[in-house]
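Structural description and commentary
Single-letter residue listing:
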Amino acid sequence: MGENIAQKIIKAHLVSGQMEPGKEIAIKIDQTLTQDATGTMAYLQFEAMGVPRVKTRLSVSYVDHNTLQTGFENADDHRFLQTVAAKHGIYFSRPGNGICHQVHLERFGVPGQTLLGSDSHTPTGGGIGMLAIGAGGLDVAVAMGGGPFYLNMPKVLNIKLTGHLQPWVSAKDIILEILRILSVKGGVGKVIEYSGPGVATLSVPERATITNMGAELGATTSIFPSDEVTRLFLKAQGREQDWQEIKADEDAVYDEYLEINLSELEPMVAQPHSPDRVAKVKEVGPIAVNQVAIGSCTNSSFTDMMKVAGILKGKKVHPDVSLVISPGSKQVFEMLARNGALADIISAGARILESACGPCIGMGQSPCSGGISLRTFNRNFEGRSGTADAQIYLVSPEVAAASAIKGVLTDPRDLGAPIEIAQPEKFLIDDSMVLPPAEDPSTVEVVRGPNIKPLPINRELPEKVECSVLLKVGDNITTDHIMPAGAKILPLRSNIPAISQYVFSAIDPTFAERALAAGGGFIVGGHNYGQGSSREHAALAPMYLGVKAVLAKSFARIHRANLINFGIVPLTFINEADYDAIGQGDKLAIDFSKMAEAGKVTVTNLANGKEITMEHGLSPRQVDIIKAGGLLNYTKKQNS
Ligand code: MIC
Ligand code: SF4
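Residues numbered from 1 in each chain as written. Chains lettered and ligands numbered in written order. Predicted model: local features only at pLDDT ≥ 70, side-chain atom pairs only at ≥ 80, totals over all residues. Heavy atoms only, no water.

1. Description of the sheet that holds strand E1 (residues 14-16)
Ordered in space as E1-E2-E8, the three strands form an open sheet in which the pairing is antiparallel. Taken across any chain shown, the strands that pair with only one partner, and hence form the sheet edges, are E1 and strand E8 (149-152). Across this sheet, the average inter-strand angle for adjacent strands is 45°, counted without regard to direction. Relative to strand E2 (residues 24-27), E1 runs antiparallel, the two being bridged by two bridges. (Pairing = 2+ DSSP bridges. Helix = DSSP H or I, 4+ residues; strand = E, 2+ residues; numbered from the N terminus. Axes fitted to C-alpha atoms, helices over the stretch in contact; angles between N-to-C directions.)

Below, the structure is given as structure tokens:
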């Protein structure tokens, strides 16, 4: 029986376990990446492990999230990251060099290798044929120390692409269509592997747009073959030697199949407040727009920006629209500046931001009250933009630029002849903003400003816990609900006592205070609890507030792993109707003593006497981690 690409790469990196879907496996990690908002914690954890130099083939630390410096905090973090990288063998991509996923694709990604990143959009690297997975910072720290990465062997879903995109239809429309079909839960427990004749029609950055938003499907990762298109991209980046062909065997078998005919697609839009609320632009119609934001790790490649510049050339931004543009990397930005496209963008009236995440994570550019904002980004969760009642729509760069001129949501096909942009034969290569690690680590002093607070450490899990349900929530709760980001809260990422004050603040501003006063408690959730970001703060801060377990109908992969890493028990309802038998404020007694043997725990609701059996789905290793109060305690115990 032939093998698919995911199976081939996993097999080549397998450290332990059996490659049967759902079973725990461990794989060797070749490369890691971190970004600043998750990186400070990851490096504090790495330091705590006492490993002097990283053991990966390559580790890169990026600064792209916390770039708005409205106080000392973010600058303190940047300086810590720069020095800690130099000391421990990590390359440091300076603020201004661009968004981690875009830069990594351009300068570091290698087909066939594994990449673990402390950011949920790490699967962007699947566009170049890497097995690229997002994880919590602690998992990345372990990988930097040479440890394997544990995950459940995913199923592999094959998406066969046929036909070719019509003029004005783009890669973003492909992934939006897939989100429409599969929903934000549709990829959970799966690798999405692309194949078919349509693949060769897509450039590497277009493929990366698709694998990037596989994160919104909840997929473990997404991957494209590495073919002639990949070779030419790497050649244009001066890295042809990194290329190798990676393809599925002719008789490869997959767990699931889907086919998309690219020729039939139209410009699409994801409506508020979920990336899977997708409709055709024509169906939604010409709604008036207040803001258009172009950029993010989804859509900020050179060709994306050139198409935008082509649409804006000789036109002016509509007077009711604020257009903001952030090119994905210094490479893209400088190429636009040198070829004159930047002048066309500026002349049209766009507001130019630095190469960073910016508005995507609410780091500035929050829309006006009740504002309608069209964004080329990947997430439109409520409140994420920084304006609680803003309405965010996700679109392609073509739809975004056309709408910025017209002032209303516009199908770019109405603009007439399409703009054709060829992939450059040579990109502008200048890696001076990537600092190599110090040759002699003893010369480097790691600088910690007052914003860097020590890591809080959990206690062992007691055998029996009796406390109240602090909060009951519904389906699809995102990590942006649990641990909001934005310009005000993000600078506190290195200060857990301070950031924990904002846990669930948009849902219930009294949460943190109540949790601390009660000495901890439980959270009850619906399906897909913890979807979205990889931020381990969504586990670490609740842990600090004393949360002992989350009881949910189902969990998102990365968040569940983060809960385990910080010693919070993820419990799943076996009978979904039991969710209704627990109310907010109810006192529960949970007996964890037989957890390992039984695979289940009994929850007694002391408010109504009902006994509920819940599943934990933890491997024996994970039970030990939970009992120790998290992965750091567990590792220390093992080492001593
Ligand atoms: C995001 O897009 O939500 C982020 C900000 O990049 C996060 C990481 C973080 O919260 O620091 C992610 O996607 O993992
Ligand atoms: Fe940055 Fe947005 Fe991409 Fe997250 S999704 S890495 S915030 S650009």
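Structure shown, so let's carry the discussion forward.
2. Remarks on the site of ligand 1
Near ligand 1 lie 14 residues; those nearest to it are His 65, Asp 119, Ser 120, Ser 534 and Arg 535. In the environment of ligand 1, an oxygen atom lies 2.8 Å from a nitrogen or oxygen atom belonging to the side chain of Arg 384. Ser 534 places a main-chain nitrogen or oxygen 2.7 Å from an oxygen atom of ligand 1. Isolated, ligand 1 exposes 340 Å² of accessible area, and the fraction of that covered by the protein chains is 97%. (Near = heavy atom within 4 Å. Polar contact = N/O pair within 3.5 Å; in protein donor to acceptor, adjacent residues only side chain to side chain. Areas by Shrake-Rupley, 256 points an atom, 1.4 Å probe, with all protein chains shown as cover.)

3. Points about helix H6 (residues 171-182)
In a regular helix each residue adds 1.5 Å, so twelve residues correspond to 16 Å; H6 covers 17 Å between its end C-alpha atoms and thus fits that length. Within H6, ten of the twelve residues are buried, which leaves the element mostly enclosed by the surrounding structure. For H6, the set of buried residues is Ala 171, Lys 172, Asp 173, Ile 174, Ile 175, Leu 176, Glu 177, Ile 178, Leu 179 and Leu 182. Where H6 ends, the next residue or the one after it, Ser 183, has phi of about 75°, a positive value. (Expected span 1.5 Å × (residues − 1). Buried < 20%, exposed > 50% of the residue type's maximum accessible area, 1.4 Å probe, protein only.)

4. Details of the packing of helix H2 (residues 36-49) against helix H3 (residues 72-88)
Packed helix pairs are specified by the crossing angle of their axes together with the interaxial distance, meaning the distance between the axes. Look at H2 against H3: their axes get within 10 Å of each other, and the N-to-C directions meet at 45°. As far as their axial angle goes, H3 and H2 are oblique. H2 and H3 meet at a crossing whose hand is left-handed. Contact residues: H2 offers Asp 36, Gly 39, Thr 40, Tyr 43, Leu 44, Phe 46 and Glu 47, while H3 offers Asp 77, His 78, Phe 80, Leu 81, Val 84 and His 88. (Parallel < 35°, antiparallel > 145°, perpendicular 65-115°, else oblique. Left-handed = near helix turned anticlockwise from the far one by under 90°. Contact = heavy atoms within 4.5 Å.)

5. Examining a nonpolar patch on the surface
The grouping of Met 1, Val 253 and Tyr 257 at the surface amounts to a nonpolar patch, some 390 Å² of accessible area in total. Mapped onto the elements of the fold, Val 253 is located in the loop between helix H8 (228-236) and strand E12 (256-261). Of the residues examined, Val 253 reaches a relative accessible area of 35% and is grouped as partly exposed. (Patch = residues over 30% accessible without salt bridge, like charges linked within 9 Å, V, L, I, M, F, W, Y side chains within 5 Å. Salt bridge = Lys/Arg side-chain N within 4 Å of Asp/Glu carboxyl O.)

6. So, the layout of surface pockets
One simple way to see leftover space: roll a probe sized like a water molecule over the atoms. In this structure, the largest pocket encloses a volume near 1,100 Å³. Taken together, 42 residues form the lining of the largest pocket, with Asn 152, Arg 557, Arg 560, Gly 617 and Gln 622 sitting closest to its centre. Listed by contribution, the elements that provide at least two residues to the lining of the largest pocket are helix H5 (137-144), E8, helix H19 (557-565), helix H21 (620-628) and helix H22 (631-639). Sort the elements by how many residues they give to the lining of the largest pocket and H19 lands first, with five residues. Split by residue class, the lining of the largest pocket holds 17 nonpolar, 15 polar and ten charged. Reported here for the second largest pocket is a volume of approximately 730 Å³. Around the second largest pocket, the lining comprises 36 residues; the ones closest to its centre are Thr 201, Ser 203, Glu 206, Lys 307 and Ile 421. Contributing elements (two or more residues each) for the lining of the second largest pocket: H6, helix H7 (204-212), H8, helix H10 (302-312) and helix H13 (397-406). (1 Å grid on protein atoms, 1.4 Å probe; cavity = no way out; pocket = protein on both sides within 12 Å on 5 of 7 lines; lining within 4 Å. Points joined across faces, edges and corners; volume = space filled by probe spheres on them. Nonpolar A, V, L, I, M, F, W, Y, C, P; charged D, E, K, R; others polar.)

7. Some points on the environment of His 88
Inspection of the secondary structure puts His 88 in helix H3. Overall, the relative accessible area of 10% leaves His 88 in the buried class. C-alpha separation for the pair His 88 and Tyr 529, spaced 441 residues apart in sequence, amounts to 35 Å.

8. Comments concerning the pairing of strand E26 (residues 600-605)
With burial as the criterion, only one face of E26 is covered, namely that bearing Val 601, Val 603 and Asn 605; the residues Lys 600, Thr 602 and Thr 604 on the opposite face remain uncovered. The sheet contact formed by strand E25 (residues 587-591) and E26 spans four bridges and is antiparallel. Across the sheet, residue Ile 590 finds its bridge partner in E26, namely Val 603. Where E26 meets strand E27 (residues 611-615), five bridges bridge the pair, whose relative direction is antiparallel. Paired with Val 603 across the two strands is Ile 612, which belongs to E27.

9. What to know about the packing of aromatic side chains
In this structure the tally under the stated criterion is six aromatic pairs. Here Tyr 254 and Tyr 257 contribute two aromatic rings whose centre-to-centre distance is 5.8 Å and whose plane-to-plane angle is 75°, an arrangement assigned as edge-to-face. The class of Tyr 254 is buried, set by a relative accessible area of 10%. Tyr 257 sits in the exposed class, given a relative accessible area of 52%. (Phe/Tyr/Trp six-rings, centres within 6.5 Å; stacked < 30°, edge-to-face > 60°.)

10. Observations regarding the environment of Val 524
Mapped onto the elements, Val 524 comes out in strand E22 (residues 521-525). When its relative accessible area of 0% is taken as the criterion, Val 524 is described as buried. Separated by 446 residues in sequence, Val 524 and His 78 have C-alpha atoms that sit 36 Å apart. Setting aside chain neighbours within four positions, we find Val 524 in contact with Val 469, Leu 471, Lys 472, Val 473, Leu 551, Phe 573, Tyr 579 and Ile 582.

11. Re the pattern of salt bridges
Summed over all chains, the structure comprises 30 salt bridges. Where Glu 216 meets Arg 379, a salt bridge forms, and the shortest distance between an N and an O atom there is 2.8 Å. Separated by 163 residues along the polypeptide, Glu 216 in the loop between H7 and strand E11 (221-223) and Arg 379 in the loop between strand E18 (372-375) and strand E19 (391-394) bring together distant segments of the chain. Both residues of the pair, Glu 216 and Arg 379, count as buried. Residue Asp 508 is joined to Arg 514 by a salt bridge in which the shortest nitrogen-to-oxygen separation is 2.7 Å.

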